[in-house]
Amino acid sequence: MINQIFRRLISKWISLIKIRNIPFNNQHKLFFSSPLPIVGAFITGLCLSLLFAACSSTPTVNAPNPSATSVSNSASNAKVVRFGYQKSTILLRTKGVLEKRLAPEGITVQWTEFQAGPQLLEAMNVGSIDIGPVGESPPIFAQAAGASLTYVVGTAASPAGSAILVPQNSKIQKVTDLKGKKVAFQKGSSAHLLLVQALEKAGLKYTDIEPKYLAPADARAAFVKGSVDAWVIWDPFYAAAQEATKARVLIDGTGINKQGGYYLMTRKFVTENPQTVKAILEEIQNLEEWSKNNREEVAKTLAPVLGIDVETMRKATNRRTFGLVPVDDNLINLQQGVADTYYKLKLIPKEVKVKDAVLTKEEYAAFSPKT
């Protein structure tokens, strides 16, 4: 059998040379005229490799992919969890709870930081990360762009944790004064929705202001230089700007924001790794409960990590509401309202059906922690 394989290999090799018009030069002659032990060792080794492969057990047939709408009950397949995060949710990485929980299962965690939710979901859509927390708006823009994602669990609303800021000496005193003004914010973020809702409450239209779509770092630079008249932002950027720039709060989300954000995953990850998802959400819930009862320690832990003084971090921490919220009909309806608002304003190209990115009640029950 080896001789047959040997002859086929030589025949194939010479045919390849002819097909590619490679001259049969002295180097090729040298190969074939080399002492038999050299040529024989090379060819025999190659042939044996092929022989062992050919004589191995019956090839494994690839199992069909899990249903896109059904969570498997089988053991998780992932060996790496690629986690996207923002500065507002950096505590999860800092405490290292996921690594401790998943290590015994042979699963590691890779972390990637993003300035805001839209960038995080862009990475998720192209397959760079598996999971990440965002506000209520980024999933709507992502769905409108055709992204395949899944709402896994909601986070409690923190209305006081985001605000519209103006310079300390600004003549702008109320939201109606924003008419005709340049307002900076991250497009498709929770800040975007806060602005839309605040304008509507004040009787203004979205077209009454001049939006400047800037990521947090760029928005802050523009705000400090006076290139924009107002800035809509969330903690901890919000608290840091208050301290460093002495920015004045025009209005915060109190009485406006009704929902928090979400942890989202790729549909593939959540359906193929239910046990890992369950472990992740349990650790997130535990950390949320710990944070709720240890706010001072949270502030002291994050201050050096974020390069913010403890007092500023304490302010941001005290404005936050900790806890997870199940993805139920109430939350889906609130999120659908967000989608409808953006479509009405022609800020997304098509209508979005939030239910297209949710699972069934039974599927959520399989991995969701008690909230």
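This is a predicted model, so every value here is computed, not measured.

S.K.: What exactly am I supposed to notice about the nonpolar core here?
M.R.: For soluble globular proteins, nonpolar side chains are generally found buried alongside one another. If you look at the biggest cluster of nonpolar residues, it comprises 104 residues, and the most contacted ones within it are F83, L92, Y151, L165, L178 and L195. Not counting the four nearest positions on each side in its chain, L165 is found in contact with F223, D229, A230, W231, I233, Y238, A241, A247, R248 and V249.

S.K.: Explain the packing of aromatic side chains to me, please; I cannot follow it from the model alone.
M.R.: The relation between two aromatic rings is expressed through the spacing of the ring centres and the mutual angle of the planes. Within the structure shown, the criterion is met by nine aromatic pairs. The interplanar angle of 45 degrees and the centroid separation of 5.7 Å between the aromatic rings of F223 and W231 together place this pair among those described as tilted. For the residue pair F223 and W231, the accessibility class agrees, reading buried in each case. Put simply, the rings of F83, Y85, W111 and Y263 touch in pairs and so form one group of aromatic residues. Between K95 and the ring centre of W290, over which it is positioned, the NZ or CZ distance is 4.3 Å. Directly above the ring of Y238 sits R319, whose terminal nitrogen or CZ lies 3.7 Å from the centroid.

S.K.: What is the right way to read the environment of A103 from this model?
M.R.: Inspection of the secondary structure puts A103 in the loop between α5 (97–102) and β2 (108–113). Residues A103 and K79 lie 24 residues apart in sequence; the distance between their C-alpha atoms is 9.6 Å.

S.K.: Just checking my understanding: could you explain the packing of helix α9 (residues 216–225) against helix α10 (residues 237–245) for this structure?
M.R.: Between two packed helices, the angle of one axis relative to the other and the distance separating the axes together describe the packing. At their nearest, the axes of α9 and α10 sit 12 Å apart, and the two run at 25 degrees to each other. The angle between the axes of α9 and α10 places the two elements in the roughly parallel class. Here α9 and α10 pass one another in a crossing that is right-handed. Note on element contacts: α10 touches α9 through F237, A240, A241, A244 and T245, opposite P216, R220, F223 and V224. Of the residues belonging to the contact of α9 with α10, the class tally is seven nonpolar, one polar and one charged.

S.K.: Sorry if this is basic, but what is going on with helix α13 (residues 295–306) here?
M.R.: In an α-helix, one full turn covers 3.6 residues, which means residues spaced three or four apart are oriented alike. Compared with the 16 Å implied by 1.5 Å per residue over twelve residues, the 16 Å span of α13 between its first and last C-alpha is a close match. Buried within α13 are the following residues: V298, A299, L302, A303 and L306. The arc that holds the buried residues of α13, viewed along the axis, is 130 degrees, so those residues lie on one side. Exposed residues pointing more than 90 degrees away from the buried face of α13 are listed as K300 and P304.

S.K.: Sorry if this is basic, but what is going on with the side chain of Q336 here?
M.R.: Mapping Q336 onto the fold places it in helix α15 (residues 329–344). Of the residues examined, Q336 reaches a relative accessible area of 17% and is grouped as buried. Of the polar contacts made by the side chain of Q336, one reaches the backbone oxygen of V352; its length is 2.8 Å.

S.K.: Looking at this structure, I do not really get the sheet that holds strand β7 (residues 210–213). What am I missing?
M.R.: Backbone-to-backbone hydrogen bonds pair the strands of a sheet. The strands run either parallel or antiparallel. Strand order in the open sheet formed by five strands is β7-β6-β8-β5-β9, with mixed pairing between adjacent strands. The outermost strands of the open sheet, each flanked by one partner alone, are β7 and β9 (248–252). Strand after strand, the sheet turns through a mean of 30 degrees between neighbouring axes, direction not considered. Note that strand β5 (residues 162–166) and β9 share four bridges and pair antiparallel. Its bridge partner lying in β9, I164 is registered against I251. Docked against the sheet, helix α8 (residues 190–201) engages β5, β6 (182–185), β7, β8 (230–234) and β9, running at close to 125 degrees with respect to β8. Of the strands in this sheet, β5, β8 and β9 are in contact with α10, which crosses β8 at around 130 degrees.

S.K.: Looking at this model, I keep getting lost on the packing of helix α12 (residues 274–293) against α13. Mind explaining?
M.R.: Interhelical geometry of α12 versus α13 gives an angle of 105 degrees and a closest axis separation of 5 Å. Here α12 lies roughly perpendicular to α13, going by the angle between them. Touching W290, S291, K292 and N293 of α12 are R295, E297 and V298, all from α13. In terms of residue class, the contact of α12 with α13 is made up of two nonpolar, two polar and three charged.

Cut-offs used in this document
- Residues numbered from 1 in each chain as written.
- Predicted model: local features only at pLDDT ≥ 70, side-chain atom pairs only at ≥ 80, totals over all residues.
- Heavy atoms only, no water.
- Core = buried A, V, L, I, M, F, W, Y, C linked by side-chain atoms within 4.5 Å.
- Buried < 20%, exposed > 50% of the residue type's maximum accessible area, 1.4 Å probe, protein only.
- Contact = heavy atoms within 4.5 Å.
- Phe/Tyr/Trp six-rings, centres within 6.5 Å; stacked < 30°, edge-to-face > 60°.
- Lys NZ or Arg CZ within 6 Å of the ring centre and 35° of its normal.
- Helix = DSSP H or I, 4+ residues; strand = E, 2+ residues; numbered from the N terminus.
- Axes fitted to C-alpha atoms, helices over the stretch in contact; angles between N-to-C directions.
- Parallel < 35°, antiparallel > 145°, perpendicular 65-115°, else oblique.
- Left-handed = near helix turned anticlockwise from the far one by under 90°.
- Nonpolar A, V, L, I, M, F, W, Y, C, P; charged D, E, K, R; others polar.
- Expected span 1.5 Å × (residues − 1).
- Arc of directions from axis to C-beta.
- Polar contact = N/O pair within 3.5 Å; in protein donor to acceptor, adjacent residues only side chain to side chain.
- Pairing = 2+ DSSP bridges.

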